[in-house]
Amino acid sequence: MTAQNMSKNIQSTRQLNEGISLQKRNKMSLGLSSSMATIVSILTCLLHTGNNRLVQFPLVSQARSWPRSSRFPSSAHGGLFRGANEVDYDNTAAPKRLITDDQLKDYIMDGYIVLSGLLEADELNALIEAGNNIVSGYIEKLGGKELPKGNFQVHEYGLVLDDKEASGEGSKNIFRSVALHSQLPQIAAELMQLDENSENLRLLRDVFLAKGPESTSSCGWHVDDQMFWPATYQLPNQPMVDQTGINAWIALDDMPVNNGGSLAVAPASHSDSVSWRNDAYAALGFDDTFGDGISKDELFRVIKSGKVDTCGLERMAPRIHQQIEKTKKEFSFKQGDIIFMNRWLFHRSTDVTEKRKAAVKVVEDNALLKRYSLRYVTGSSSLPRGFMTELSVLGTNGANSGREFNEVDGEWYPQCWPEVGDDVEEKIDSVA
């Protein structure tokens with residue numbers, strides 16, 4: 001197996017969805033506390049590491065609309081790529097409003113929205129190339145051995161802090177550029193209905209993942225535990241009210257539904273409009289009763305009990321698993337498509353199909369399906385207390401435990417909206 005990029009011209013249906021200007025956003029509030037179950041799942045997750053809606057950009061902006069056949073001009077938003085490895089950041093210009101009323105309504109109701117054409121071509125190409133470099137590095141380290149089995153064959157966390165020269169020696173960190181300087185933070189803030197005068201958005205977590213024919217498992221229906229989402233929380237108890245966070249998942253390869261190896265979501269599962277939601281929380285061990293966190297000894301005791309498994313809903317509650325399967329949504333993603341998901345939307349990875357496995361046996365291109373995922377939270381959200389494996393906590397001897405992200409010592413969670421600091425690069429490098 002080589003480490004070259006796989007490129008297939010697979011067609012998928014797209015919808016063009018234009019709407020009216022976005023009305024004044026309603027500010028929402030949701031209290032935060034901590035949960036033992038997701039802290040427990042940090043190590044548990046490590047043990048297990050082994051109506052389709054496509055909205056095509058450009059969209060209608062507040063002041064003007066761009067032609068349907070073109071992308072946003074580079075002047076419409078600061079910080080877009082001018083060349084493959086050259087970025088011009090403009091943090092002073094106020095960004096245009098990018099989503100419409102109809103798109104916001106869809107996101108609030110369904111808990112997700114898929115956007116196509118959001119990244120500039122040079123931006124996307126550089127991100128794809130960096131992903132290929134990560135995969136090539138993994139294969140080279142194996143020295144001819146097979147890739148590992150399990151859910152994902154390649155996984156790399158914290159690339160915004162340190163991309164390990166995946167972007168190319170001497171080049172700017174493309175993961176950092178996309179996470180902080182692209183249009184993603186602005187879209188996330190609009191979907192979360194944040195007030196730029198009183199709130200800010202920070203990057204919580206980023207991860208690159210690649211799934212290939214060697215995959216022998218997938219992570220079942222779940223909401224992210226505190227390994228993937230290291231922030232305190234309170235389970236949502238009102239329908240469609242949430243400002244705790246958003247996940248932006250970027251497809252770096254074409255991923256037709258019939259190939260598998262991609263992502264499925266349970267529409268509206270972030271709200272109480274689905275009957276099984278609270279039962280699923282209970283089955284996975286999510287609750288609000290441990291606001292002060294959990295000790296290391298208690299953590300290992302619960303892990304040994306086998307009662308917590310973030311990816312194990314099918315095993316722990318097969319009836320609920322079947323209910324979700326009946327209403328799931330899967331997508332034929334193209335390179336560069338981005339799905340924005342509510343923090344509390346149930347989702348799962350999908351198995352690589354036999355058709356896909358058979359197809360890659362007759363081609364020499366890299367067979368791994370790659371994606372890059374970003375988690376954004378408000379700066380007023382907090383790190384959990386208690387035992388954690390989070391670097392920002394371990395690196396400060398626990399001093400950052402329980403702090404609001406705006407008060408965390410060190411640029412572990414850089415602000416990306418409504419503005420990015422001029423010295424953010426130096427501050428990130430100082431903790432990397």
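Refer to the structure presented above.
### So, the overall build of the protein
And then number 1: For the protein, the helix and strand inventory stands at 12 helices and 13 strands.
And then number 2: Within the protein, buried positions represent 57% of all 432 residues.
And then number 3: Accessible area for the protein stands at about 18100 Å²; split by element, carbon and sulfur atoms hold 46% of it.

### Digging into the pattern of salt bridges
And then number 1: With the rule as written, the count across this model stands at 13 salt bridges.
And then number 2: Two residues, Lys149 and Glu146, come together in a salt bridge whose shortest N-O distance is 3.5 Å.
And then number 3: A residue is classified by how much of its surface remains accessible, and Lys149, at 44% relative accessible area, is partly exposed.
And then number 4: Looking at Glu146, the relative accessible area reads 62%, which means it is exposed.

### Focus on the sheet that holds strand β8 (residues 263-265)
And then number 1: Strand order in the open sheet formed by 3 strands is β9-β8-β11, with antiparallel pairing between adjacent strands. Each edge of the open sheet is held by one strand with a lone partner, namely β9 (329-330) and β11 (347-349).
And then number 2: When β8 meets β11, the two strands line up antiparallel, connected through 3 bridges. Among the inter-strand pairings, Leu263 is bridged to a residue of β11, identified as Ser349.

### Re the environment of Leu209
And then number 1: Turning to its location among the elements, Leu209 is positioned in strand β6 (residues 201-211).
And then number 2: According to the relative accessible area criterion, Leu209 is buried, its value standing at 8%.
And then number 3: Here the alpha-carbon distance between Leu209 and Leu368, two residues 159 residues apart in the chain, equals 9.4 Å.
And then number 4: Every residue in contact with Leu209, bar those within four places of it in the chain, is listed here: Phe152, Val154, His155, Leu369, Lys370 and Arg371.

### Notes on the state of the cysteines
And then number 1: Inspection of every chain in the model, using the stated rule, returns 1 disulfide.
And then number 2: With a sulfur-sulfur separation of 1.9 Å, Cys219 is cross-linked through a disulfide to Cys311. Judged by the sign of its S-S torsion, about -85 degrees, the cystine formed by Cys219 and Cys311 is left-handed. One end of the pair, Cys219, is in the loop between β6 and β7 (246-251); the other, Cys311, is in the loop between α7 (296-305) and α8 (313-316), and 92 residues separate them in sequence.

### Quick look at unusual backbone geometry
And then number 1: Cis geometry is found at the peptide bond from Trp417 to Pro418, where omega equals 5 degrees.
And then number 2: Take Pro418: it is sitting in the loop between β13 (415-417) and α12 (424-431).
And then number 3: Phi angles above zero are rare outside glycine, and Lys164 is one such case at about 55 degrees.
And then number 4: Within the secondary structure layout, Lys164 lies in the loop between β5 (154-157) and α4 (174-181).
And then number 5: The phi dihedral of Ala268 falls on the positive side, at around 70 degrees, and the residue is not glycine.

### Quick word on the pairing of strand β12 (residues 369-378)
And then number 1: With 10 of 10 residues buried, β12 is to be regarded as a mostly interior element.
And then number 2: In β12, alternate side chains face the same way, and those of Leu369, Arg371, Ser373, Arg375 and Val377 on one face and Lys370, Tyr372, Leu374, Tyr376 and Thr378 on the other are all buried.
And then number 3: Sheet topology places β6 next to β12; 10 bridges connect them, and they run antiparallel. Opposite Val207, over in β12, you have Ser373 as the bridge partner.

### Some points on α7
And then number 1: Buried within α7 we find Leu299, Val302 and Ile303. All buried residues of α7 lie within an arc of 105 degrees about the axis, which places them on one face of the element. Exposed positions of α7 whose direction lies more than 90 degrees from the buried face are Asp297 and Lys304.
And then number 2: At the C-terminal side of α7, Gly306 shows a positive phi close to 75 degrees.

### So, the packing of α4 against α12
And then number 1: Close contact between α4 and α12 brings their axes to 13 Å; oriented N to C, the two are set at 125 degrees. Judged by the angle between their axes, α4 and α12 are oblique. Crossing hand, α4 versus α12: right-handed. Where α4 abuts α12, its residues Arg176, Leu180 and His181 lie against Val424, Glu425, Ile428 and Asp429.
And then number 2: Looking at side-chain class alone, the contact of α4 with α12 contains 3 nonpolar, 1 polar and 3 charged residues.

### A look at the pairing of strand β10 (residues 338-342)
And then number 1: β10 sits mainly inside the fold: 5 of its 5 residues count as buried.
And then number 2: Residues of β10 alternate between two faces, with Ile338, Phe340 and Asn342 on one and Ile339 and Met341 on the opposite face, all of them buried.
And then number 3: Here 5 bridges tie β7 to β10, and the two strands are oriented antiparallel to one another. Bridge pairing in β10 links Asn247 to Met341.

### So, the nonpolar core
And then number 1: Residues Leu184, Ile250, Phe340, Tyr372 and Tyr376 are the most contacted members of the largest nonpolar core, which totals 65 residues.
And then number 2: The element contributing the most residues to this core is helix α3 (residues 121-142), with 8 residues.
And then number 3: Among residues more than four places away in sequence, those in contact with Ile250 are Leu119, Leu127, Val178, Leu184, Asp337, Ile338, Lys370, Arg371, Tyr372 and Leu374.
And then number 4: Core analysis: the second largest hydrophobic core is formed by 20 residues, Trp221, Leu235, Ala264 and Phe346 among them.

### Observations regarding the side chain of Glu411
And then number 1: For Glu411, the position within the fold is in the loop between α11 (391-394) and β13.
And then number 2: It turns out Glu411 is buried and unbridged, and the closest side chain with the opposite charge, Arg202, is 4.2 Å from it.
And then number 3: Apart from the residues lying within four places of it in its own chain, the contact partners of Glu411 are Leu161, Arg202, Val424, Lys427, Ile428 and Val431.

### Considering the side chain of His222
And then number 1: Position of His222 among the secondary structure elements: in the loop between β6 and β7.
And then number 2: Within polar-contact distance, the side chain of His222 engages the backbone oxygen of Gly220 at 2.6 Å.
And then number 3: Those residues in contact with His222, other than ones at most four positions away along the chain, are Leu284, Thr310, Leu345, Phe346, His347 and Arg348.

Here is what the cut-offs are and how they apply
- Residues numbered from 1 in each chain as written.
- Predicted model: local features only at pLDDT ≥ 70, side-chain atom pairs only at ≥ 80, totals over all residues.
- Heavy atoms only, no water.
- Helix = DSSP H or I, 4+ residues; strand = E, 2+ residues; numbered from the N terminus.
- Buried < 20%, exposed > 50% of the residue type's maximum accessible area, 1.4 Å probe, protein only.
- Areas by Shrake-Rupley, 256 points an atom, 1.4 Å probe, with all protein chains shown as cover.
- Salt bridge = Lys/Arg side-chain N within 4 Å of Asp/Glu carboxyl O.
- Pairing = 2+ DSSP bridges.
- Contact = heavy atoms within 4.5 Å.
- Disulfide = S-S within 2.5 Å.
- Arc of directions from axis to C-beta.
- Axes fitted to C-alpha atoms, helices over the stretch in contact; angles between N-to-C directions.
- Parallel < 35°, antiparallel > 145°, perpendicular 65-115°, else oblique.
- Left-handed = near helix turned anticlockwise from the far one by under 90°.
- Nonpolar A, V, L, I, M, F, W, Y, C, P; charged D, E, K, R; others polar.
- Core = buried A, V, L, I, M, F, W, Y, C linked by side-chain atoms within 4.5 Å.
- Lys, Arg positive; Asp, Glu negative; His and termini not counted.
- Polar contact = N/O pair within 3.5 Å; in protein donor to acceptor, adjacent residues only side chain to side chain.

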